[in-house]
Every structure is written in C-alpha cells, then in structure tokens.
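Take a look at the letters that make up each chain.
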Amino acid sequence: MEKNFATKFTGWSFIVAAVLLWCGWALSPHHVGEYFKASDFSEIGKDVWYWIWMYRVHIFGWVTMAIAIFAFVSMTGKKPYGVLIVPGAGMIIVGTFTIAIAAAYYYNYGAWGVGQTMGKSPAEIEEFLDGTLFTNQYVTCFVRFGRIFSGVGLILFGAGILKWRILDKWLGWFTVLLGLTAMGIILAIPDNFEIYKPVFHVKVIWLATMGIFILLKGINLSKSDT
C-alpha cells in the first residue's frame, strides 16, 4: 500500500472537493431549480454577493473533484490498472466539467438577472424569462449529460478498483453503484431535478470517503506491471 506525498495530496483533494461542493450548496441562501422563476431574482437580490460567493465555492468544488481524479490517475494510470481507471477517470472528469459549466451558467445568469429585472413588473420579468428559455433548455441538457458521463465513468472507475483491489472492495462497489444510480435516474426520469438531488449528497459522501480511506490506508499498487 503506497502512503506518501502523492497519496496525501490525492486524499486531501477528494476531501476538499467534498467540503467545497457541499458547503457551497448548503450555505447558499437560495437554490435555483431546473429553470429560473421570477421569484428567484428577488430572493437572490436579497444578498446577491453572498449568493455569488457560495456559488463560486460550489463550482470550485467540481474543479477540485477533477483535480482529485487526475491525482488518482497519476498513481494508478499505468499497467495493468490503466485500461479501466484511465477511461473511467476521463469520463468522470468530462462529466464533472460539463456540470461545472452548467453551474457557471446558473451562477452568472442569476446574478445578471437581478440587475436586469430590478424595478420591473411581474409581466416584464416573465417576458425576460421567456426570452432566455431557449438557452436555459440547452443548459439543462448539459446538466443531464454531465451526470450521465460521470455515471459511466464511475462504473468503469469502480470496476478498476474492484478488479485490482486498489482500495477496499466495498469502496469499489460503492463507486459502481453510485455510477449506476446516477445514470439510471437521468435516463429513466430525465426531466426531474428534484429526484436527483439525493445523488448529489451521496456523491459528496463518496468523495469524502475516498479521501479519508486514501489518507488512512493508502493505494494498493502491488499488481503494477512495470
């Protein structure tokens, strides 16, 4: 079991990603749904700068998650692990950045919309929302596909952990089941953000668990073929 600077950096990256993602979400004064509503702007406008900073923290959580996955790959991307770990990690990272880009849209649009709707009547705000519905629809597609891409990646990533016992076996199964759940919900019920919300919290738990176990036990590279 490797326990060195690399494992410490990797473990802490997973933990920091979990903290940033969850704190940015939990401390936000207002959560936007799949589509913006007129009431969102008045709620965001009550403390717009605090809302902006919490969204920034949340987005950097996604970025740090990608860093953690990259760091894990730097240790496990060689033979024989790479055949499952590398494509799995690649799909997780693609999905993660797709979700981060979508989150950046909600963050920017929410803050911009506060200024655009200030002093307008409810009818004018609805007209403003209707004018941006086309773009919002594209962004919801980003969110769905980001979750699906991440789900596929988690399945491959978990399979690599299981096959070579890189980490504890139960953690490999946790990873695979998380990926299957993320994919299954989006493919079966693509237009309901509320049902997916618990999966976000499970993903945060997965990140924290990965980080803690990597710090405590290290990464098993005994089967590496150099």
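Re helix α6 (residues 133-164)
With 32 residues, α6 should reach 46 Å at 1.5 Å per residue; the first-to-last C-alpha distance of 47 Å fits that figure. Directly beyond the C-terminal end of α6, a positive phi value near 50 degrees is found at arginine 165.

Brief notes about the side chain of threonine 10
Within the fold, threonine 10 resides in helix α1 (residues 5-26). Threonine 10 has contacts with Ala68, Ala71, Phe72, Met75 and Ile214, leaving out every residue within four places of it along the chain.

Considering the pattern of salt bridges
According to the stated counting rule, one finds three salt bridges in the structure shown. Across the salt bridge formed by glutamate 34 and arginine 144, the nearest N and O atoms sit 3.5 Å from each other. Of this pair, glutamate 34 sits in the loop between α1 and α2 (38-45) while arginine 144 sits in helix α6, and the two are 110 residues apart along the sequence. Both residues of the pair, glutamate 34 and arginine 144, belong to the buried class. A salt bridge links lysine 46 to glutamate 43; the nearest nitrogen and oxygen atoms lie 3.1 Å apart. The partly exposed category is assigned to glutamate 43, whose relative accessible area is 31%.

Structural notes on the packing of helix α4 (residues 82-117) against helix α5 (residues 122-131)
How two helices pack is summed up by the angle between their axes together with the distance between the axes. Running from amino to carboxyl end, α4 crosses α5 at an angle of 140 degrees, the nearest separation of the two axes being 11 Å. In terms of crossing hand, the pair formed by α4 and α5 is right-handed. Along its contact with α4, which presents Tyr109, Trp112, Gly113, Gln116 and Thr117, the element α5 presents Ile125, Phe128 and Leu129. For the contact of α4 with α5, the class distribution of residues is five nonpolar, three polar and no charged.

Quick look at the environment of valine 139
Along the polypeptide, valine 139 turns up in helix α6. Exposure remark for valine 139: the relative accessible area of 6% places this residue in the buried category. For the pair valine 139 and tyrosine 35, spaced 104 residues apart in sequence, the C-alpha to C-alpha distance is 9.5 Å. Once residues lying within four places of it in the same chain are set aside, the contact partners of valine 139 are Ala102, Tyr105 and Tyr106.

Focus on unusual backbone geometry
Cis rather than trans, the peptide bond between lysine 79 and proline 80 has omega equal to -10 degrees. Among the structural elements, proline 80 can be located in the loop between α3 (48-76) and α4. For arginine 165, which is not glycine, the phi dihedral falls at a positive 50 degrees. Summarising the element assignment, arginine 165 is placed in the loop between α6 and α7 (169-188). In this structure arginine 165 comes out as partly exposed when scored by relative accessible area, which is 43%.

Cut-offs and rules
Residues numbered from 1 in each chain as written. Predicted model: local features only at pLDDT ≥ 70, side-chain atom pairs only at ≥ 80, totals over all residues. Heavy atoms only, no water. Helix = DSSP H or I, 4+ residues; strand = E, 2+ residues; numbered from the N terminus. Expected span 1.5 Å × (residues − 1). Contact = heavy atoms within 4.5 Å. Salt bridge = Lys/Arg side-chain N within 4 Å of Asp/Glu carboxyl O. Buried < 20%, exposed > 50% of the residue type's maximum accessible area, 1.4 Å probe, protein only. Axes fitted to C-alpha atoms, helices over the stretch in contact; angles between N-to-C directions. Left-handed = near helix turned anticlockwise from the far one by under 90°. Nonpolar A, V, L, I, M, F, W, Y, C, P; charged D, E, K, R; others polar.

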